[in-house]
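Examination of the molecular architecture
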There are 2 protein chains.
Amino acid sequence: MLIAAFLTTPHDDGTTHVADIDRSPRLPGRQRGTESRYGNRPTMKDVAARAGVGLKTVSRVVNGEPGVTADTERRVQEAIESLGFRRNDSARVLRKGRTASVGLVLEDLADPFYGPLSRAVEEVARAHGALLINGSSAEDPEREQELALALCARRVDGLIVIPAGNDHRYLEPEIKAGIATVFVDRPPGLIDADAVLSDSRGGARAGVAQLITHGHRRIGFIGDQPRIHTAVERLRGYRAAMEDAELPVHPSWISLGSTAPERVRGAVADMLDGPEPVTALFAGNNRIMVTVVRALAGRERPIALVGFDDIELADLLGITVIAQDAALLGRTAAERLFRRLDGFDDAPAHTTLATRLIARGSGEIPPQ
Amino acid sequence: MLIAAFLTTPHDDGTTHVADIDRSPRLPGRQRGTESRYGNRPTMKDVAARAGVGLKTVSRVVNGEPGVTADTERRVQEAIESLGFRRNDSARVLRKGRTASVGLVLEDLADPFYGPLSRAVEEVARAHGALLINGSSAEDPEREQELALALCARRVDGLIVIPAGNDHRYLEPEIKAGIATVFVDRPPGLIDADAVLSDSRGGARAGVAQLITHGHRRIGFIGDQPRIHTAVERLRGYRAAMEDAELPVHPSWISLGSTAPERVRGAVADMLDGPEPVTALFAGNNRIMVTVVRALAGRERPIALVGFDDIELADLLGITVIAQDAALLGRTAAERLFRRLDGFDDAPAHTTLATRLIARGSGEIPPQ
């Protein structure tokens, strides 16, 4: 069982691992095989089939790498010419002397979670000789759309999106026009596209299970707004852990809403001082956790706490967390994007990265 | 005296204030008055002079704001036409239906100090209907140049730069071509341009004075690399505070270098366990402070510490800091940039924002 594995074998080397790669469900109306993902442009696969060679050989020829005989290279070149294959927009742009570029649509420039994610994307882009340009939606779906389309209009070659909204059909024409697009942290809505996500549900389940293991029966969940995918997934993880232990959940123990400190402080007070007081809290993300830690610091009796996301100095404060690897999320998404730009045209996939429980004391406080 | 004022009247409302606005020194070879800063385009001032009205009136006409009589508006419009004045690239671009944009060259996407700064710049850009696009130099002067020029090539209307390098002559053609440029956090090198800075020297001086006030005579300074302007300024502040108190400084008490945890941990160990041990430490920036806090947490006797930059959860850890207002830095720089884009053509200025000492306990620990 996955949760047990987390609890008994934490990854002490600080890495997380790809837990699961599954195909995203096909959307109605999209027929795989009858149309290429990026319009009807011939792909490297088509070139490989026409030339009677492997994909790697085509890649070598296209990228000018060694290890291909003159005869094979000639056959590949002929196939490229007869099919009208062009490697990708990025390469085309590079030949024209303009820097290739990748756009990153963030949710909030000031959220420290996105710092390492952005930097990892930038490092991969840099390794591919591309420029990274960022912007943020400030958690506003309209701004997300405006920014993503503005980046497309500025001829980015690819787009990595941390979505604020739940409807990304506005990106379909761009994707068809050849702009590779990968979603990260949260999945796309109503379109079929690559995504790299953390295992929010499994992580929250493991965190709540940790509190239950240490004797808690009345546990509060304070999460982000219910229209945010990760907020709902983490709540599902909470419910699953409570169900696993056959514990009832009182409605007053669940509070979803903004991450504004006043809102979170109110939720903490309601849960601890209300008619059905909890003995432990689960904080649904790093912004919420910071406020909960501050609220609990002012209380006389210690309250158990597990938070989603590791934050700087949480180690010194002894906060037990479910850690995501933000840099690995960014790196995985960027590598997926450059694979698309290199002409790989397999079906969009959703990749889920495992989270990691780091026990530091606050999640191991027994109930009073 | 400025330092005394900080110590006796901390700004409890959480704001910092513009301490000082001074003209940056003129560079040789630039003659003010004989050429306009942004090439030879007519400015709003020229329009105002020609129409015989004030600058504000021209601004109202250009921006379609009320409060101008029909006769005055006609005179201003005539002046605009006869001079061939165009408001600015941003407005021109907006008329053409393309979104105006501002580029922000950051030092490090993952440094939490730049999160609120970036967000503040984005909010100002947003209020002006402009898109913000970011990238980072990763503290590499070549990358800074490459990124800044790539953003210019993508026709940003203005540029805000947190410089990694010390020679910005490469930007002079861009500035002449009309790309408004403002430096923030660190000043430009070898060119004359707007800059918005924190009072690094004054802040460090106040922080070290705080340690001296609490009885310390042997104080270590761990700072960033000496080619970084703020690192040198903060070291100057340290030296000034020691001189103010007529205290000698042993060479082993000063360590400048990278912010890599190993380097910083080594510096802490050398200063505390060497032949001339210190009783207190001053950390030159937030990255260094985090490592120093971790290193001190593992020690038996408490060591006094003041750090430059406030960081999240420093309040709960009782860390005394010199706080900069990163959001105010960003906002001030962005507002300066949009003033330039609105056609204001006064001489470049360096604005210095005050820092604020926040005493939380670690800086008030007496010597052992």
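It should be emphasised that the depicted structure is a prediction, and the values quoted were computed from it without experimental measurement.

1. What to know about the sheet that holds strand β13 (residues 356-358) of chain B
Residues and elements named next belong to chain B.
- An order of β8-β7-β9-β10-β11-β13 is seen for the six strands of this open sheet, with the pairing classed as mixed. Of all strands in the sheet, those with a lone pairing partner are β8 (254-256) and β13, marking the two edges. Across the sheet, the mean angle separating the axes of adjacent strands is 15° when strand polarity is ignored.
- Relative to β13, strand β11 (residues 320-323) runs antiparallel, the two sharing three bridges. Counted as the bridge partner of isoleucine 322 is leucine 357 from β13.
- Those strands touched by helix α10 (residues 229-244) are β7 (219-223), β8 and β10 (304-308), and its axis lies near 170° from that of β7.
- Of the strands in this sheet, β7, β9 (280-283), β10 and β11 are in contact with helix α12 (residues 286-297), which crosses β10 at around 160°.

2. Quick look at the relation of the copies chain B and chain A
- Screw-axis analysis of chain B against chain A gives a translation of 0.1 Å along the axis, an RMSD of 0.1 Å, and a rotation angle of 180°. Within this description, the copies of the chain are treated as partners about a two-fold rotation axis. Minimal C-alpha distance to the rotation axis in chain B is attained by asparagine 134 of chain B, lying at 2.4 Å.
- When the interface residues of chain B are mapped onto chain A, 100% of them are again interface residues, pointing to one common binding face.

3. Let's talk about helix α6 (residues 114-127) of chain B
All names here are of chain B.
- Taking 1.5 Å of rise per residue, the 14 residues of α6 would be expected to cover 20 Å, and the 20 Å separating its terminal C-alpha atoms lies within 8% of that figure.
- Along α6, the residues that are buried comprise Tyr114, Gly115, Leu117, Ser118, Ala120, Val121, Glu122, Val124 and Ala125.
- Downstream of α6 by one or two residues, glycine 129 has phi in the positive range, about 70°.

4. What about the interface of chain B and chain A?
- Facing 38 residues of chain B, the contacting portion of chain A comprises 38 residues.
- Approximately 3400 Å² of surface area, both sides summed, lies buried where chain B meets chain A, with 55% of it carried by carbon and sulfur atoms.
- Looking at the side of chain B facing chain A, the largest losses of area belong to Leu109, Arg154 and Leu313 of chain B, adding up to 20% of the total buried there.
- For aspartate 108 of chain A, the salt bridge goes to arginine 119 of chain B, with nearest N and O atoms at 2.9 Å.
- Connecting chain B to chain A are 11 residue pairs in polar contact (both at pLDDT 80 or more).
- Breaking the side of chain B that touches chain A down by element, the ones donating at least two residues are β2 (100-106), α6, β3 (130-136), α7 (141-153) and α12 of chain B.
- Of the residues contributing to the side of chain B that touches chain A, the split by class is 18 nonpolar, seven polar and 13 charged.

5. Details of the packing of α6 of chain B against helix α13 (residues 326-341) of chain B
Residue and element names in this part refer to chain B.
- Relative orientation of the contacting elements α6 and α13 amounts to 35°, with a least axis distance of 7 Å. Where α6 crosses over α13, the two elements pack in a sense that is right-handed. The segment α6 lies against α13, with Pro116, Leu117, Ala120, Val121, Val124 and Ala125 engaging Ala326, Ala327, Leu329, Gly330, Arg331, Ala334, Glu335 and Phe338.
- Taken together, the residues of the contact of α6 with α13 sort by class into 11 nonpolar, one polar and two charged.

6. Some thoughts on the domain arrangement of chain A
Residues and elements named next belong to chain A.
- Entries for chain A in the domain assignment read domain 1 (44-87), domain 2 (98-198 + 327-353) and domain 3 (200-324).
- The straight-line distance from the C-alpha centre of domain 1 to that of domain 2 is 29 Å.
- Listed per partner, the contact involves four residues of domain 1 and five residues of domain 2.
- In total, about 390 Å² of surface goes out of reach between domain 1 and domain 2, with carbon and sulfur atoms giving 49% of it.
- Between the two partners, domain 1 and domain 2, sit zero salt bridges.
- Counting the contacts that link domain 1 with domain 2 gives zero residue pairs in polar contact (both at pLDDT 80 or more).

7. Here we look at the nonpolar core
- In terms of nonpolar packing, the biggest core is built from 56 residues, with Leu117, Ile160 and Val184 of chain A together with Leu117, Ile160 and Val184 of chain B touching the most fellow members.
- Setting aside residues no more than four positions away along its own chain, isoleucine 160 of chain B makes contact with Gly103, Leu104, Val105, Val121, Val182, Val184, Ala333, Ala334 and Leu337 of chain B.
- Judged by nonpolar contacts, the second largest core, of 46 residues, contains Ala280, Phe308, Ile311 and Ile319 of chain A.

8. Thoughts on the sheet that holds strand β9 (residues 280-283) of chain A
All names here are of chain A.
- What the six strands build is an open sheet, ordered β8-β7-β9-β10-β11-β13; its pairing is mixed. Every other strand in the sheet has two partners, leaving β8 (254-256) and β13 (356-358) as the edge strands with one partner each. Strand-to-strand, the axes of this sheet are offset by a mean angle of 15°, without reference to chain direction.
- Sheet topology places strand β7 (residues 219-223) next to β8; three bridges connect them, and they run parallel. When the sheet's bridge partners are listed, phenylalanine 221 is paired in β8 with isoleucine 254.
- In the packing of helix α9 (residues 200-213) onto the sheet, the strands contacted are β7, β9, β10 (304-308), β11 (320-323) and β13, and the crossing angle to β10 comes to about 170°.
- Packing of helix α11 (residues 261-273) onto the sheet brings it into contact with β7, β8 and β9, and relative to β7 it is tilted by some 165°.

9. Section: the side chain of serine 362 of chain B
Residues and elements named next belong to chain B.
- Take serine 362: it is sitting in the segment after β13.
- A distance of 2.6 Å separates the side chain of serine 362 from the backbone oxygen of leucine 305, its partner in a polar contact.
- Those residues in contact with serine 362 that sit more than four places away from it in its chain are Ile303, Ala304, Leu305, Gly318, Ile319 and Thr320.

What counts, and where the lines are drawn
- Residues numbered from 1 in each chain as written.
- Chains lettered and ligands numbered in written order.
- Predicted model: local features only at pLDDT ≥ 70, side-chain atom pairs only at ≥ 80, totals over all residues.
- Heavy atoms only, no water.
- Pairing = 2+ DSSP bridges.
- Helix = DSSP H or I, 4+ residues; strand = E, 2+ residues; numbered from the N terminus.
- Axes fitted to C-alpha atoms, helices over the stretch in contact; angles between N-to-C directions.
- Contact = heavy atoms within 4.5 Å.
- Least-squares fit on C-alpha atoms with pLDDT ≥ 70 in both.
- Expected span 1.5 Å × (residues − 1).
- Buried < 20%, exposed > 50% of the residue type's maximum accessible area, 1.4 Å probe, protein only.
- Buried area = accessible area lost by both parts, 1.4 Å probe.
- Salt bridge = Lys/Arg side-chain N within 4 Å of Asp/Glu carboxyl O.
- Polar contact = N/O pair within 3.5 Å; in protein donor to acceptor, adjacent residues only side chain to side chain.
- Nonpolar A, V, L, I, M, F, W, Y, C, P; charged D, E, K, R; others polar.
- Left-handed = near helix turned anticlockwise from the far one by under 90°.
- Domains from an automatic or database assignment.
- Core = buried A, V, L, I, M, F, W, Y, C linked by side-chain atoms within 4.5 Å.

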